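Structural overview for review
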Number of protein chains: 4
Amino acid sequence: MIVKSDALTARGRRTRETLVRAGREAFDEHGYEAVRVDDVCARAGVSHGTFYTYFASKEALFREVAAAVVGEMFAASVVGPAASGDPYARIEAANRLYLRAWSANSRLVRMLEQAATAEEGLRELLLELREVFVRRGADGLRRLQEQGLADPALDPRLTAIMLGGMVEHFARVWLDLGEPADERAAVDLLTRLWARAIGLTPASTSAEDT
Amino acid sequence: MIVKSDALTARGRRTRETLVRAGREAFDEHGYEAVRVDDVCARAGVSHGTFYTYFASKEALFREVAAAVVGEMFAASVVGPAASGDPYARIEAANRLYLRAWSANSRLVRMLEQAATAEEGLRELLLELREVFVRRGADGLRRLQEQGLADPALDPRLTAIMLGGMVEHFARVWLDLGEPADERAAVDLLTRLWARAIGLTPASTSAEDT
Amino acid sequence: MIVKSDALTARGRRTRETLVRAGREAFDEHGYEAVRVDDVCARAGVSHGTFYTYFASKEALFREVAAAVVGEMFAASVVGPAASGDPYARIEAANRLYLRAWSANSRLVRMLEQAATAEEGLRELLLELREVFVRRGADGLRRLQEQGLADPALDPRLTAIMLGGMVEHFARVWLDLGEPADERAAVDLLTRLWARAIGLTPASTSAEDT
Amino acid sequence: MIVKSDALTARGRRTRETLVRAGREAFDEHGYEAVRVDDVCARAGVSHGTFYTYFASKEALFREVAAAVVGEMFAASVVGPAASGDPYARIEAANRLYLRAWSANSRLVRMLEQAATAEEGLRELLLELREVFVRRGADGLRRLQEQGLADPALDPRLTAIMLGGMVEHFARVWLDLGEPADERAAVDLLTRLWARAIGLTPASTSAEDT
DNA sequence: AATGAATGAGAATTCATTCAT
DNA sequence: AATGAATGAATTCTCATTCAT
C-alpha cells in the first residue's frame, strides 16, 4: 500500500522527504548493506511502519536516493556560456565542476555502481549518468577539433571517457582514500594534463603563461 | 583452532588452496556480501565445518584472497628492462600491463575498496597496492624529467595518480560497464594521451612515427 | 467510537452496507486470513480510517458478514407448503433448496466453521445455523414416521444430520473441488438415496414412477 | 541449504522426524495460520535455525505433514478380505474404518482443503486422497450391482461421493462440532442408511436381523 | 463522517559460526 | 582433517489499529 508521491498531503510529502534525506545520509556514511531500514527510520524520527507507507523496500528507497543524486549531478554538470572565450579556461571550469560534482557524491555513485550489478533499473540510471558526462566531454573536444585547436586524430568519445575518468577517479582517490591535495592545485594539474593530452595548441595555452 | 598455513600436511594445504580459489571465484562473480560461506564450501567441495578449520571467518578468507590478488598485480606491474630504449614504447608497454592487470581484477579490487572502508587491515592493503603503482608511475616520470624529456613543472606523484587513474578507471568502464573498445586501440589512445600530457618531447614521440 | 446501525444517517448506512458487501465478496474470494482491511476498504472505495467508524475490527466485520449469510440461508431453507402433496416431491424440493443454499455460500460457511474454532460468538452462530437445518430435517422425518411412511426405528435427529450432511458435503465437493455433475442429476440422486435410506414406502416412491 | 531426507545421518533423520511430528500436533491443535514456526521448534525442542536446516518454509513442513496424513489414511482405508461374506457386514466394516480414518484427521484434512485453495501441489494431494476413497466406494457398489444386490440404476461414482460424503461429514460434525453420539450407534445408523440407499436387497440385510 | 499518516507488535527467514562426533 | 547438525542474532516486511485533522 505504497502511496504515490503525487497523492500526498503536505504532511505526507514532508515525511517522505525526510526519509529520503535520512536515507541518503545513512547510505553515504555507511554504505548500502550496512544500513538497516530501522537506522533510516531512527534518523528520520519515524517508526519503521511508516517507512513502508512510502517505500516498498530498502532498495526502493535507494533507487530514489540514487535518482536524486544523479539529478543533482546533471544539474551541476552545466558549464554555462559565461566562461566563454578561452578554451583552456573553459576546460578548467569544466574540470572544477566535474571534480566537485563527483567529490560530493563519490560514495553514493560507487554504491550505485555496485548495486547496478544486480539491479537492471539502477544499471540504466548509472549508464545514463555516465553518458551525460561523456557526451559533454566528447562534444567539447569535437568543437575544439573543428576549430583546429585540438588534435583531430583523437576519437572524441573514447578520449572523453579516458580524460573524464581521470577526473572522476581522482575525485575518489582524493576524497575517499585521503590522498592529500588542495582543490586549486588539483584542478590546475588536471586541466594542464587534459589540455596537453588533446594537443590544445600553444596559442591558447600560452595565453595563460603570459 | 585455525591451522596455520605452514603447519599443514600436503592434504591440508591442498584443501586450503581449494578454498582460496573457490572464494576468489565466488567473490569475483557475486561480490562480498552476496557470497555465503556455504557457497564457497560447495564450490570447493568441502563441508562448512572444514572451512573453519582453515579460516577464522569469511572476512579472513577475503583478506587472503585480496592479498593474493594484490600480489599478482604487483608481479604484473613490472615492465622489465627489455622494452628499454624508447620512452614512448616504455609508457606504452606499461599501460598495456597496467590495463591488463586492472582489467583482470577490477571487481575484486573494487570489493577491496569497498571493504577497506570498514576494515583497517584491508585499508592498508589497498593503500599499499595503490602506492606501488603510483610510485612506479612517479618514478618513471621523474626519470623522464631528469632526462629533459618531460615537463619538469609537473608534480610527479600527483601526475602519476591522475594518469594512472585514467588507465585504472578506463579498465572499469571498459570491462564492468561494457564500453566497447578493443585493447589495441585503447592502449594506443591511453599512451598517446599520457605521453602528450607529460609533454614527452617530439624527438622521442616521432621516433615511433618513423 | 463505533456507530451503531440504527443511529446513522442515510449516507452512513450506505457506507456501512458497502463495507459489508465488499467484505463478503473479499472473504468469499480469498478467505479470512488473506483479506486485509485495506482490501475491503479499497473495494468499498473508502479509507481505512472510515472502516473503523463502522466496525471495531476485521473480526467484527466478519461476524456481520457471517450473520448476513446465515440469515439468507435461513430464509432459503423454507420449503413452503406449496409442494405439499407428495412426500417424495417434498424431499426433492427440500434437497434442491438445501443444495442451492449451501452451494451459494459454501466458502463462507467453511470460513465460519474455521473461525468458530477460535471465536465463541461465531461458534454459536454456526451451531444455530446447523440446528435450523437439522431440525427441519428431523421434523420432516418424524412426520413421515408418524404417517407410517418412513422407518420408525431411525433416530430422527441423527438421521437428519447424516442425510443433511450428505447434501451439504456434496455441495462442497461439487463446487469447491469441481466434481462434474449437473444440478438436476445431483438432486435426483440425492433425493433417491435420501428417500430409500429412510425407507420411504414404495407407495409414495412409486408415485413418481407412474 | 535444505538437506534431503535421504542424505541424513541418523541424528538428522531423528530431528527431522521430531519436527514433522511437532508440526503435525501443532497444526492439528491450532490450525495452519495460528502456528508459528517457533511454536513448532519449541515443541520439537530445537532452535528455529534448525528448522530451516530441514524445511524451506512453514509451508514445506505442512506439505510434509499433509503427505503423511494422506498416507496414513490410504493405509487405513483397506478393508481387507477378512470381513468377506456378508455385503452388509462389509459395508459396516468399511464405514467404521472410514469414520475412524476421517475422525482421526478431520482437522488436518480441513486445513489441507483450505490450503489447497492456494497451493497447486496441495490441491493435487487432496484430490488424490479423495479419489482413493471415492473409487473404493464406487467399486464396492459396482460389485454389488453386478451381483444383483444393489440398484443397478445408480451411478456408482456419484453415489459413492454422496454416501462417502455422508460419512465424512458426519465425522466432522461429530468430532469438531461436538454432536453427541457413540461410535457404535453412529456406524450402525450410517450403515443402515447406506445399505438402504443403494437398495441392498433384504436377503442380505435380514441376515443381520436374524 | 471521512481521511490518511503513523504506529509497532509480530512473524518469517538468513547465514555466519560453534561444536560434538 | 573432515563432517554436518545445531544455533540464534539480526533483519526485513506486514498489517490491524489509532488518532489528529
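Residues numbered from 1 in each chain as written. Chains lettered and ligands numbered in written order. Predicted model: local features only at pLDDT ≥ 70, side-chain atom pairs only at ≥ 80, totals over all residues. Heavy atoms only, no water.

1. Re the environment of B:Arg143
Quick note on the threshold: Secondary structure elements are defined from DSSP: runs of H or I of at least 4 residues count as helices, runs of E of at least 2 residues count as strands, and each element is numbered from the N terminus.
Topologically, B:Arg143 is positioned in helix α6 (residues 120-146). The spatial distance from the C-alpha of B:Arg143 to the C-alpha of B:Ala116 is 33 Å, given a sequence separation of 27 residues.

2. Some remarks on the interface of chain A and chain B
The following threshold applies: What makes two residues a contact is simply this: any of their non-hydrogen atoms within 4.5 Å. Put simply, buried area is how much 1.4 Å-probe accessible surface two parts lose in total, over both of them, once they are put together. Within this document, salt bridges are pairs made up of a side-chain nitrogen of Lys or Arg and a carboxyl oxygen of Asp or Glu, the two lying within 4 Å of each other. Whenever two N or O atoms come within 3.5 Å, that pair is a polar contact, provided that in protein one can donate a hydrogen and the other can accept it, and provided that, for residues adjacent in sequence, both atoms are side-chain atoms. All residues other than Ala, Val, Leu, Ile, Met, Phe, Trp, Tyr, Cys, Pro, Asp, Glu, Lys and Arg, Gly among them, are scored as polar; the first ten of these are nonpolar and the last four charged.
Every contact between the two is made by 39 residues of chain A and, on the other side, 40 residues of chain B. For the pairing of chain A and chain B, the buried interface totals around 3,400 Å² over both sides, and the portion due to carbon and sulfur atoms is 66%. Together, A:Met162, A:His169 and A:Leu177 form the three largest contributors to the area buried by chain A at its contact with chain B, with a combined 20%. For the pair chain A and chain B, the interface holds 6 salt bridges. The partner of A:Arg110 in a salt bridge is B:Glu113, with the nearest N and O atoms 3.3 Å apart. Counting the contacts that link chain A with chain B gives 10 residue pairs in polar contact (both at pLDDT 80 or more). Elements with a contribution of two residues or more to the side of chain A that touches chain B: α5 (87-116), α6 (120-146), α7 (156-175) and α8 (183-197) of chain A. Looking at the side of chain A that touches chain B element by element, the count peaks at 13 residues for α7(A). Residue composition of the side of chain A that touches chain B, grouped by class: 18 nonpolar, 6 polar and 15 charged.

3. Thoughts on the protein's contact with DNA strand F
We apply this condition: If even one non-hydrogen atom of a residue comes within 4 Å of a molecule or strand, that residue is called near it.
In the neighbourhood of DNA strand F, 36 residues make up the surrounding shell, with B:Thr9, B:Tyr54, D:Thr15, D:His48 and D:Tyr54 lying closest. Counting only atoms of DNA strand F within 4 Å of the protein, the sugar-phosphate share comes to 70%. One of the side-chain N or O atoms of A:Tyr52 is found 2.9 Å from a phosphate oxygen in DNA strand F. A distance of 2.6 Å is found between a phosphate oxygen of DNA strand F and a side-chain nitrogen or oxygen belonging to D:Thr15. Where the surface near DNA strand F is concerned, the elements lending two or more residues are α3 (48-54) of chain A, α1 (10-30) and α3 (48-54) of chain B, α3 (48-54) of chain C together with α1 (10-30) and α3 (48-54) of chain D. Top element by residues in the surface near DNA strand F is α3(D). It accounts for 5 residues.

4. Quick look at the protein's contact with DNA strand E
Taken together, the neighbourhood of DNA strand E is formed by 35 residues, with A:Thr15, A:Gly49, A:Tyr54, C:Thr9 and C:Tyr54 sitting nearest. Considering DNA strand E, the proportion of its atoms within 4 Å of the protein that are sugar or phosphate atoms stands at 69%. At a separation of 3.1 Å, a phosphate oxygen of DNA strand E approaches a polar side-chain atom of C:Thr50. Residue D:Arg36 places a side-chain N or O atom 3.3 Å away from a phosphate oxygen belonging to DNA strand E. Of all the secondary structure elements, the ones that give two or more residues to the surface near DNA strand E are α1 (10-30) and α3 of chain A, α3 of chain B, α1 (10-30) and α3 of chain C together with α3 of chain D.

5. What about the relation of the copies chain A and chain B?
As a reminder, the rule being used: We place the copies in one frame by least squares, fitting the C-alpha atoms of every residue whose pLDDT is at least 70 in both.
It takes a turn of 180° to lay chain A on chain B, together with a shift of 0.0 Å along the axis; the resulting RMSD is 0.2 Å. Here the symmetry operator amounts to a two-fold rotation axis.

6. Re the nonpolar core
Spelled out, the test is: Nonpolar cores are built from buried Ala, Val, Leu, Ile, Met, Phe, Trp, Tyr and Cys residues. Side-chain atoms within 4.5 Å join them into one set. Buried, partly exposed and exposed residues are distinguished by accessible area as a fraction of the type maximum, computed with a 1.4 Å probe on protein chains only: under 20%, between the cut-offs, and over 50%, respectively.
In this structure, A:Ile198 and B:Ile198 are the most contacted members of the largest nonpolar core, which totals 132 residues. When neighbours within four sequence positions are excluded, B:Ile198 is seen to be in contact with A:Arg196, B:Ile91, B:Leu141, B:Leu144, B:Ala150, B:Asp151, B:Leu154, B:Thr159 and B:Leu163. Ranked by size, the runner-up nonpolar core spans 130 residues in total, among them C:Phe133, C:Leu189, D:Met166 and D:Ala171.

7. Regarding the pattern of salt bridges
The final tally for this structure, using the stated rule, is 68 salt bridges over all chains. Residue A:Glu168 pairs with A:Arg130 through a salt bridge whose shortest N-O separation is 3.3 Å. Of this pair, A:Glu168 sits in helix α7 while A:Arg130 sits in helix α6, and the two are 38 residues apart along the sequence. For the pair shown, A:Glu168 and A:Arg130 are each scored as buried. For C:Glu168, the salt bridge is made with C:Arg172, and the minimal N-O distance between the two is 3.7 Å. Placement of both C:Glu168 and C:Arg172 in helix α7 (residues 156-175) is noted, with a separation of 4 residues, approximately one turn of the helix. In this structure C:Glu168 comes out as buried when scored by relative accessible area, which is 2%.

8. So, the confidence of the model for chain A
Residues and elements named next belong to chain A. Applied cut-off: Each residue carries a pLDDT score, the predictor's own confidence in it, on a scale running from 0 to 100.
Confidence along chain A averages 86 in pLDDT terms, with 90% of residues attaining 70 or more. Taken element by element, chain A is modelled with least confidence in helix α9 (residues 202-209), mean pLDDT 44, and with most confidence in α8, mean pLDDT 96. Ignoring residues within four places in sequence, the model shows residues 203-210, a span with pLDDT below 50, making 6 contacts including any to other chains.

9. Thoughts on the UniProt feature "domain: HTH tetR-type" (unreviewed entry) in chain A
Inclusion rule: UniProt positions are given in the numbering used here, feature names are shortened, and annotations may be inferred rather than shown by experiment.
Feature annotation in UniProt assigns "domain: HTH tetR-type" (unreviewed entry) to the following positions: residues 13-73 of chain A. Counting secondary structure, residues 13-73 of chain A comes out at 80% helix and 0% strand; the distance between its end C-alpha atoms is 23 Å.

10. Some points on the environment of B:Val132
Residues and elements named next belong to chain B. By the secondary structure assignment, Val-132 is in helix α6. The spatial distance from the C-alpha of Val-132 to the C-alpha of Arg-11 is 35 Å, given a sequence separation of 121 residues. Among all residues touching Val-132, those that are not within four sequence positions of it are Phe-74 and Ser-77.

11. Quick word on the packing of aromatic side chains
Definition in use: Note on aromatic contacts: the rings of Phe and Tyr and the six-membered ring of Trp form a pair at centre separations within 6.5 Å, being stacked when their planes are under 30 degrees apart, edge-to-face when over 60 apart, and tilted otherwise. We count a charge as sitting over a ring when the NZ of a lysine or the CZ of an arginine lies within 6 Å of the ring centre and within 35 degrees of the ring normal.
The final tally for this structure, using the stated rule, is 36 aromatic pairs over all chains. With a centroid separation of 6.0 Å and 15° between ring planes, the pair formed by D:Phe170 and D:Trp174 is classed as stacked. Within this pair, D:Phe170 and its partner D:Trp174 are both found in helix α7 (residues 156-175), separated by 4 residues, close to a single helical turn. These aromatic residues form a ring-pair network of at least three members: A:Phe27, A:Tyr32 and A:Phe62. The ring of B:Tyr32 has B:Lys58 sitting right over it, with the charged end atom 4.6 Å from the ring centre.

12. Points about helix α8 (residues 183-197) of chain B
All names here are of chain B. For the record, the criterion: In this scheme, a helix's expected span is set at 1.5 Å multiplied by one less than its residue total.
Helix length check: α8 (15 residues) gives 21 Å between terminal C-alpha atoms against 21 Å at 1.5 Å per residue, within 8%. Of all the residues in α8, the buried ones are Ala-186, Val-187, Leu-189, Leu-190, Thr-191, Leu-193, Trp-194, Ala-195 and Ala-197. N-cap assignment for α8: the residue whose side-chain oxygen lies 3.2 Å from the backbone N of Arg-184 is Asp-182. Positive phi shows up at Gly-199, right after α8, with a value of about 70°.

13. Concerning the packing of α1(B) against helix α5 (residues 87-118) of chain B
Residue and element names in this part refer to chain B. This is how it is decided: All axes are obtained by fitting lines to C-alpha atoms, using only the stretch in contact for helices, and the reported angles, taken between N-to-C directions, cover 0 to 180 degrees. To sort the angles, those under 35 degrees are grouped as roughly parallel, those over 145 as roughly antiparallel, those from 65 to 115 as roughly perpendicular, and the leftovers as oblique.
One way to put it is that α1 packs onto α5 with a least axis distance of 9 Å and a crossing angle of 85°. Judged on the interaxial angle alone, α5 and α1 are roughly perpendicular. Judged by residue contacts, Arg-24, Phe-27, Asp-28, Glu-29 and His-30 of α1 engage Asn-105, Arg-107, Leu-108 and Met-111 from α5. For the contact of α1 with α5, the per-class residue count stands at 3 nonpolar, 2 polar and 4 charged.

14. Structural notes on the packing of α8(A) against α8(B)
Here is the rule: Crossing handedness is defined as follows: a turn of the near helix away from the far one that is anticlockwise and smaller than a right angle gives a left-handed crossing, while the clockwise case is right-handed.
Where α8(A) meets α8(B), the axes come as close as 7 Å, and the angle between the chain directions of the two elements is 120°. When the interaxial angle is binned, α8(A) and α8(B) end up oblique. Of the two elements, α8(A) crosses α8(B), and the hand of that crossing is right-handed. For the pair α8(A) and α8(B), contact is made by A:Leu193, A:Arg196 and A:Ala197 and by B:Leu193, B:Arg196 and B:Ala197, respectively. For the contact of α8(A) with α8(B), the per-class residue count stands at 4 nonpolar, no polar and 2 charged.

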